[in-house]
Amino acid sequence: MGFKKGFFWGGATAANQYEGGYLSGGKGLAIQDVITGGDGRNNIPRRIALKLADGTTTFIDRRGTEVPAGAVPYVDENTYYPSHVATDFYHHYKEDIALFAEMGFTAFRMSINWTRIFPNGDEAEPNEEGLQFYDDVFDEMHKYGIEPQVTIIHFDLPLHLATEYEGWLDRRTIGFYMNYVETIFQRYKNKVKYWKTFNEINFCRDYTNLGITEANSHPEKVEQAVFHMLLAAAKTVIRGHEINPEFMIGQMINESEYYAEDCNPEAAWKRIQDKRSRVFYTDVQNKGFYPEWKLAELKAKGIEIKMEEGDLETLAKGTVDYIGFSYYSTSVSSVRKDAKRTSSNLESAVKNPYLKANDWGWQIDPMGLRIILNELWERYHKPLWIVENGIGAIDTVEEDGSIHDPYRIDYIREHIKAMKQAVDEDGVDLMGYMPWGCIDVVSAGTGEMRKRYGFIYVDMDDEGKGDLHRSRKDSFYWYQKVCKSNGEDLD
Ligand code: BG6
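Model, not experiment: these values are computed from the prediction.

Reading the values: rules and limits
Residues numbered from 1 in each chain as written. Predicted model: local features only at pLDDT ≥ 70, side-chain atom pairs only at ≥ 80, totals over all residues. Heavy atoms only, no water. Helix = DSSP H or I, 4+ residues; strand = E, 2+ residues; numbered from the N terminus. Rg over C-alpha atoms; globule rule 2.2 N^0.38 Å. Buried < 20%, exposed > 50% of the residue type's maximum accessible area, 1.4 Å probe, protein only. Contact = heavy atoms within 4.5 Å. Salt bridge = Lys/Arg side-chain N within 4 Å of Asp/Glu carboxyl O. Pairing = 2+ DSSP bridges. Right-handed = clockwise from strand over helix to strand, strands pointing away. Near = heavy atom within 4 Å. Polar contact = N/O pair within 3.5 Å; in protein donor to acceptor, adjacent residues only side chain to side chain. Areas by Shrake-Rupley, 256 points an atom, 1.4 Å probe, with all protein chains shown as cover. Core = buried A, V, L, I, M, F, W, Y, C linked by side-chain atoms within 4.5 Å. Phe/Tyr/Trp six-rings, centres within 6.5 Å; stacked < 30°, edge-to-face > 60°.

Visitor: Summarise the overall build of the protein chain; cite the residues concerned and give the values.
Guide: A count of helical and extended segments in the protein chain gives 14 helices and 17 strands. Computed over the C-alpha atoms, the radius of gyration of the protein chain is 21 Å, within 12% of the 23 Å expected from 2.2 N^0.38 for a compact globule of 491 residues. Considering only C-alpha atoms, the protein chain reaches an extent of 55 × 55 × 50 Å along its principal axes. Per-residue burial for the protein chain yields a buried fraction of 60% across its 491 residues. Taking the contacts inside the protein chain whose residues are at least 6 apart along the sequence as the reference set, 74% of them involve residues at least 24 apart.

Visitor: Give me the pattern of salt bridges: which residues, what numbers.
Guide: Applying the stated rule across the entire model yields 46 salt bridges. A salt bridge links K27 to D33; its shortest N-O distance comes to 2.8 Å. Comparing K27 with D33, the two get one shared label, buried. Linking E257 and R271 is a salt bridge whose minimum nitrogen-to-oxygen distance equals 2.6 Å. Separated by 14 residues along the polypeptide, E257 in the loop between β8 (248–255) and β9 (258–260) and R271 in helix α9 (residues 265–287) bring together distant segments of the chain. The exposure class assigned to R271 is partly exposed, which follows from its relative accessible area of 23%.

Visitor: Give a description of the environment of G432 that names residues and reports values.
Guide: In this structure, G432 sits in strand β15 (residues 430–433). Judged by its relative accessible area of 0%, G432 is buried. Residues G432 and P383, spaced 49 residues apart in sequence, show a C-alpha to C-alpha distance of 9.7 Å. Leave out the neighbours within four places in its chain, and G432 touches F7, F8, L384, W385 and I386.

Visitor: Tell me what's going on with the pairing of β15, and back it up with residues and numbers.
Guide: The pairing of strand β1 (residues 8–12) with β15 spans two bridges and is parallel. The residue of β15 that forms the bridge with W9 is Y433. Strand direction decides the pairing type here: strand β14 (residues 384–388) and β15, joined by two bridges, are parallel. Bridged to L384 within β15 is L430. Between the parallel elements β14 and β15, the chain passes through helix α13 (residues 406–424) in a crossover that is right-handed.

Visitor: Give a detailed account of the side chain of S326, specifying residues and quantitative values.
Guide: Of note, S326 is situated in strand β10 (residues 322–327). Residue classification places S326 among the buried residues on the basis of a relative accessible area of 0%. Apart from residues no more than four positions distant in its own chain, S326 is found in contact with E200, M252, I253, N254, E255, V387 and E388.

Visitor: Describe helix α14 (residues 474–484), listing the residues and the values that go with them.
Guide: Structural remark: α-helix, 3.6 residues per turn; residues separated by three or four positions point the same way. Burial in α14 covers these residues: S475, F476, W478, Y479, Q480, V482 and C483. Next to the buried residues of α14 lie β1, α2 (89–103), α13, β15, β16 (456–458) and β17 (470–472). The first or second residue beyond α14 is N486, which carries a positive phi of 50°.

Visitor: Now, about the site of the ligand: what can you tell me, with residues and values included?
Guide: Near the ligand, the surroundings consist of 15 residues, among which Q17, E200, E388, K451 and Y453 are the closest. Contact between the ligand and H154: an oxygen atom at 2.8 Å from a side-chain N or O atom of the residue. Contact between the ligand and S443: an oxygen atom at 3.2 Å from a side-chain N or O atom of the residue. Burial of the ligand by the surrounding chains reaches 99%, relative to a free accessible area of 380 Å².

Visitor: Give me the nonpolar core: which residues, what numbers.
Guide: Core analysis: the biggest nonpolar cluster contains 141 residues, and F100, W168, Y177 and M419 have the highest contact counts within it. Among the elements that make up this core, the one with the highest residue count is helix α8 (residues 219–243) (twelve residues). Every residue in contact with F100, bar those within four places of it in the chain, is listed here: Y18, F105, F108, I146, C438, I439 and I456.

Visitor: Any details on the sheet that holds strand β2 (residues 47–51)? Residues and values, ideally.
Guide: Overall, antiparallel pairing links the three strands, which are arranged β3-β2-β4 in an open sheet. Two strands close off the open sheet at either side, each with one partner strand: β3 (57–61) and β4 (72–73). As defined by bridge partners, β2 adjoins β3 across five bridges and the pair is classed as antiparallel. Bridged to A49 within β3 is F59.

Visitor: Pulling in residues and values, what's your account of the packing of aromatic side chains?
Guide: A complete count under the given rule lists 38 aromatic pairs for this structure. Ring centres of F89 and F133 lie 6.4 Å apart, and the angle between their planes is 80°; on these two criteria the pair is classed as edge-to-face. Placement of F89 in helix α2 and of F133 in helix α4 (residues 128–143) is noted, with a sequence separation of 44 residues between them. Residue classification places F89 among the buried residues on the basis of a relative accessible area of 2%. Of the residues examined, F133 reaches a relative accessible area of 7% and is grouped as buried.

Dropping the structure here:
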């Protein structure tokens with residue numbers, strides 16, 4: 001059996017971590033452009049420089065501390081910001097796409113920078129230079145028969161929308177976003193068929209994604225903003241199908257498995273609760289309504305979501321065509337207070353003694369991928385697409401320039417085997433596989449460059465030093481065989 005004909009083999013990136021050119025070609029400032037680098041292994045967080053309402057300035061941990069009301073982020077000239085150059089797709093796209101083609105990619109996932117199209121987010125007219133850039137990129141991909149898969153928002157919000165409107169808290173942001181969506185759908189309707197709305201929508205609960213101040217102490221603001229985002233996602237699906245009925249518009253969720261720690265029924269119940277941080281979003285975007293437990297939870301917290309007439313119908317009508325998800329590692333559902341913890345993707349996890357972890361503590365679990373594929377398929381019966389997977393690791397460049405990364409090959413090989421079992425033995429409908437950071441990009445969690453995922457190495461370090469030249473790692477040649485054999489040759 002094996003993977004179906006037309007299965008998409010490729011890789012995934014995001015504009016804020018890859019593109020650079022942060023003010024080039026008329027681009028405006030996004031929140032991502034005011035987030036500093038950090039150091040994940042030494043627990044130094046990424047930060048944001050703020051001008052406070054009383055005129056003083058300060059730096060805050062971009063996730064641990066909430067942005068106070070009235071504070072305005074700014075670019076501190078003595079600080080390094082990794083998104084500004086990133087790994088410079090903006091100036092290297094031709095070279096990079098040629099390398100993807102050489103590897104045998106049939107699809108490539110990227111995101112559009114909202115601020116390249118609408119620099120402030122609320123303009124009526126788009127920035128032509130920004131639109132032209134993506135036209136050129138898509139043309140270059142089609143030259144090699146590579147299908148674009150576009151994320152409309154990848155952890156991306158124009159800074160102006162945060163400071164002037166409190167981002168997604170304000171319903172007007174849905175209108176600004178839909179103007180952006182209308183613009184890119186009309187412009188690229190004959191070049192892009194596969195779209196995704198919000199990257200890892202389940203992680204969009206803080207200032208950097210929602211643009212709301214006092215997020216930690218005001219859960220009602222977070223829930224309102226998330227509702228606006230879900231509504232915007234549903235509107236995107238509806239409008240997209242009107243513009244081009246061929247469009248396939250998916251959701252994008254971060255998936256992780258939670259294993260009940262033992263046969264204590266309390267641990268089994270904890271697992272159900274832990275999984276709800278994902279199930280809420282997959283239910284809304286596939287079934288078209290808020291699950292009953294979520295409504296009960298909001299009621300218990302005294303949170304009432306403000307809605308307008310027709311909103312519930314929009315949610316019901318705008319369900320997705322496929323489920324795109326990222327998968328890196330898993331966790332354990334434990335009811336013990338002293339359970340040992342480790343880090344994971346933008347959250348912390350409970351340690352699993354059966355699993356090994358990478359240098360950043362993310363637990364490696366190929367079987368978890370098979371479990372997730374089965375759970376999603378059984379629950380929704382929608383085509384699935386793995387749009388991120390991979391291992392962040394420190395690579396060493398040898399004297400002769402070669403890079404030996406057997407750990408990366410092992411990780412991906414074992415995950416492809418799990419995918420194959422899910423397809424062959426469990427009957428899961430899987431559309432494609434796009435390992436994360438197929439070319440080295442800035443880490444989203446830590447802002448580091450040394451945490452690398454790529455098959456292609458980029459000469460750039462954690463301080464922004466490097467000449468950005470590209471080179472092929474051992475995994476490049478291995479993944480080339482995988483792509484070209486439709487996943488049959490994994491040796
Ligand atoms: C996902 C994101 O959370 O995981 C990516 O969609 C991110 O943007 C990836 O880069 C890996 O995380 P990190 O922190 O290692 O870059």
